[in-house]
Amino acid sequence: MAYEEITMLLGGWEGFELVNVLRQPATGDAVPVIELELRPVPNYAKRCSNCGEVVAVVHDASPRRVRDLPILEAETWVVFPRARLACPRCGPTVEMVPWLDRYQRLTTRLAAAIARLAQVLPIKHVAAWFGVGWATVKQIDSRALAARLGPVALDGVRVLALDEFALHRGQRYATVVADADTRRVLWVGEGRDRAAVRAFFALLGPARCARVEAVVMDMSAAFAAEVRAACPQAAVVYDRFHVQAGYHRDVVDRVRVDETNRVGRALPRDDPGRGARVAERRELRESRWLLLTNRAGLGAGDRVRLYELLGANWALFTVYVLKEDLARLWTYAYPGAARRCWADWYARAHESGLPALVRFADRLARHIDGVVNHCRYALNTGFLEGINNKIKVLKRMAYGYRDHEYFFLKIRAAFPGIPR
Ligand SMILES: [Zn+2]
């Protein structure tokens, strides 16, 4: 009784019944293997795998051996005869086996389990867990993603967010387009220039392009001109994440290097001030993360180090204070207040006389409308940063693959969006 119940639980091989079980115990590192032998249920109508119609004429059958879900950790195989039919409509075909995956030598339920696990684990781990090949996992995951995501629905898009990211080791780039309202990734394509995003706007079409109210992007983006050409009515918005990253790179890093050079070369061995200068230079060299880490994230000891560094260096102090005040630009709900904050910030940047800071302020001044536009389109400022970080994680998980189509599907799957 219990035996039959277990067999029933394991079943699901429609059209076939279990006739024999072969067991091979675990040896060394190898897991145990179970082989289940099936035979066709007598008088079960066989259908053509091509047209689905019942076919009476069975030509012959050839033995097939496919993987199924593991039974109590044992690698499990199913062996069965697959009939070859003479279909009156299609000619010679094979019988339809509903529980058999279409392209792989495994069952649909195993393929489904692989696809589920591949949503959260790197391919390598899924392949090791189920004892199947890397390429098999990738193909199953890719197919499942394409079926689930389908062609993307583009109606009702109001605010677009565009960003670029590096492929592989940074020699090539791709562009990601998202719906900022629903936080759904709409499109991913190779390249990061005008021509690259043209494909997306062609897909969106003129009617939907005309309804786009705003586009969020990095102020240094090369595709800005194409955005203006496709959606001339849309307001351009520069997000906090990219402007701050630019400030870190072009101002904080630059001033820190300038200051290290200003301190000068090491003094001669017999100079009494030598020890202090070596220490000062080292402190400046190692201060990068102290300056760039959010102050709230620093421990008590590092906070003391930061304050000592800033107290001893006027240029770094100035750059640091303006770094924190720059972020305030994105906190205003009223354009007038944001512009007053900007005027004050710009004046202080110029008063500093620090060339890197002055250059940055002048550049941002040319783009300030795009910063102030943030007041009108109150977006989640962490959205583009979140996409950027997630892509980095996916890239690490996907180490080794060159298949962009699959990588882009993974990005879309990671941002399915929230209901509008
Ligand atoms: Zn047929």
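Not measured: the values here are computed from a predicted model. (Residues numbered from 1 in each chain as written. Predicted model: local features only at pLDDT ≥ 70, side-chain atom pairs only at ≥ 80, totals over all residues. Heavy atoms only, no water.)

Peer 1: Teacher, can you tell me more about the packing of helix α10 (residues 300-312) against helix α11 (residues 314-326) here?
Peer 2: Any two packed helices are characterised by how steeply their axes cross, that is the angle between the axes, and by the distance between the axes. At a closest axis distance of 5 Å, the pairing of α10 and α11 adopts a crossing angle of 115°. Here Leu-306, Leu-309, Leu-310 and Ala-312 of α10 come into contact with α11, specifically with Trp-314, Leu-316, Phe-317 and Tyr-320. Of the residues belonging to the contact of α10 with α11, the class tally is eight nonpolar, no polar and no charged. (Axes fitted to C-alpha atoms, helices over the stretch in contact; angles between N-to-C directions. Helix = DSSP H or I, 4+ residues; strand = E, 2+ residues; numbered from the N terminus. Contact = heavy atoms within 4.5 Å. Nonpolar A, V, L, I, M, F, W, Y, C, P; charged D, E, K, R; others polar.)

Peer 1: Whenever I open this one, the coordination of the zinc ion confuses me. Can you help?
Peer 2: The expected angle between donors at a tetrahedral four-coordinate metal is 109.5 degrees. At an octahedral six-coordinate metal it is 90 or 180 degrees. Here the zinc ion is held by the protein donor atoms Cys-48 (SG), Cys-51 (SG), Cys-87 (SG) and Cys-90 (SG), which lie 2.2 to 2.4 Å from it. Metal-centred angles of 105 to 113° between the four donor atoms at the zinc ion mark the site as tetrahedral. Written as a sequence motif, the donor arrangement for the zinc ion is C-x2-C-x35-C-x2-C. Note that Cys-48 is positioned in the loop between β2 (33-40) and β3 (58-71) and Cys-90 in the loop between β4 (74-87) and β5 (91-94), a separation of 42 residues in sequence. By relative accessible area, which is 0% here, Cys-48 ends up buried. (Donors = N, O, S within 2.8 Å, 3.2 Å for Na, K, Ca; no water. Tetrahedral: all angles 85-135°; square planar, octahedral: opposite > 155°, others 65-115°. Buried < 20%, exposed > 50% of the residue type's maximum accessible area, 1.4 Å probe, protein only.)

Peer 1: Looking at this structure, how should I read the nonpolar core?
Peer 2: Generally speaking, soluble globular proteins have nonpolar side chains that are buried together. Counting 61 residues, the largest nonpolar core has Leu-160, Phe-200, Phe-201, Met-217, Tyr-247, Leu-326 and Trp-345 as its most contacted members. Discounting residues that sit within four places of it in the chain, Phe-200 has contacts with Leu-154, Leu-160, Val-177, Leu-186 and Trp-187. Counting residues in each nonpolar core, the second largest holds 24 residues, with Val-176, Val-237, Ile-391 and Ile-411 among its members. (Core = buried A, V, L, I, M, F, W, Y, C linked by side-chain atoms within 4.5 Å.)

Peer 1: I keep staring at helix α5 (residues 194-209) and nothing clicks. Help me out?
Peer 2: Between its first and last C-alpha, α5 extends only 16 Å over 16 residues, short of the 22 Å set by a 1.5 Å rise per residue. Along α5, the residues classified as buried are Ala-196, Val-197, Phe-200, Phe-201, Leu-204, Gly-205 and Cys-209. On its buried face, α5 sits against β6 (159-167), β7 (172-179), β8 (184-190) and α6 (224-230). (Expected span 1.5 Å × (residues − 1).)

Peer 1: Help me understand helix α2 (residues 108-118), please; the structure alone is not making it clear to me.
Peer 2: Since the α-helix turns once every 3.6 residues, residues separated by three or four places project in the same direction. Inspection of α2 places Leu-110, Ala-111, Ala-113, Ile-114, Ala-115 and Ala-118 among the buried residues, and these make up the whole buried set. Packed against the buried residues of α2 are β3, α3 (123-130), α4 (134-149) and α16 (404-414).

Peer 1: It is not clear to me how unusual backbone geometry should be interpreted in this structure. Could you clarify?
Peer 2: Leave glycine aside and you will find that most residues have negative phi; peptide bonds, for their part, are mostly trans. Within the chain, Asn-43 stands out as a residue other than glycine whose phi angle is a positive 65°. Locating Asn-43 in the fold gives a position in the loop between β2 and β3. Here the phi dihedral of Leu-72 falls at roughly 45°; this positive angle occurs in a residue that is not glycine. Along the chain, Leu-72 turns up in the loop between β3 and β4. Residue classification places Leu-72 among the exposed residues on the basis of a relative accessible area of 81%.

Peer 1: What is the right way to look at the pairing of β5 in this model?
Peer 2: Along any regular strand the residues' side chains alternate between the sheet's two faces. As judged from the four bridges shared by β4 and β5, these two strands associate in the antiparallel manner. Pairing of Arg-84 across the sheet is with Val-94, part of β5. If you look at the hairpin formed by β4 and β5, you'll find three residues sitting between the two strands. (Pairing = 2+ DSSP bridges.)

Peer 1: Whenever I open this one, the sheet that holds β6 confuses me. Can you help?
Peer 2: Strand-to-strand pairing in sheets goes through backbone hydrogen bonds, with the strands running parallel or antiparallel. What the five strands build is an open sheet, ordered β8-β7-β6-β9-β10; its pairing is mixed. Only two strands of the sheet have a single partner each, and these edge strands are β8 and β10 (235-238). On average, adjacent strands in this sheet sit at an angle of 25° to one another, irrespective of strand direction. Its contacts with the sheet put helix α15 (residues 383-397) on β6, β7, β8 and β9 (214-217), and the angle it makes with β6 is roughly 30°.

Peer 1: Help me understand the environment of Val-54 in this model?
Peer 2: Looking at the element boundaries, Val-54 is found in the loop between β2 and β3. A residue is classified by how much of its surface remains accessible, and Val-54, at 41% relative accessible area, is partly exposed. In this structure, the C-alpha to C-alpha distance between Val-54 and Cys-87, residues 33 residues apart in sequence, is 8.5 Å. When sequence neighbours within four positions are dropped, the list of residues in contact with Val-54 reads Ala-45, Lys-46, Arg-47 and Arg-89.

Peer 1: What exactly am I supposed to notice about the packing of aromatic side chains here?
Peer 2: Working definition: an aromatic ring pair is given by the centre-to-centre distance plus the angle between the planes. This model, assessed by the stated rule, comprises 12 aromatic pairs. Pairing Tyr-247 with Phe-360 gives two aromatic rings, centres 5.2 Å apart and planes at 80°, and the pair type is edge-to-face. Highlighted residues: Tyr-247 in helix α7 (residues 240-263) and Phe-360 in helix α13 (residues 355-366), separated in sequence by 113 residues. Phe-360 matches Tyr-247 in its accessibility class, with the two residues each being buried. Pairing Trp-342 with Trp-345 gives two aromatic rings, centres 5.6 Å apart and planes at 15°, and the pair type is stacked. Here the residue Trp-342 and the residue Trp-345 both occupy positions in helix α12 (residues 335-352), the gap between them amounting to three residues, near one helical turn. The pair formed by Trp-342 and Trp-345 is uniform in burial state, with each residue classed as buried. Taken together, the ring pairs in this structure connect Tyr-247, Trp-342, Trp-345, Tyr-346 and Phe-360 into an aromatic cluster. Sitting above the plane of the Trp-77 ring, Arg-67 keeps its charged end 5.6 Å from the centroid. (Phe/Tyr/Trp six-rings, centres within 6.5 Å; stacked < 30°, edge-to-face > 60°. Lys NZ or Arg CZ within 6 Å of the ring centre and 35° of its normal.)

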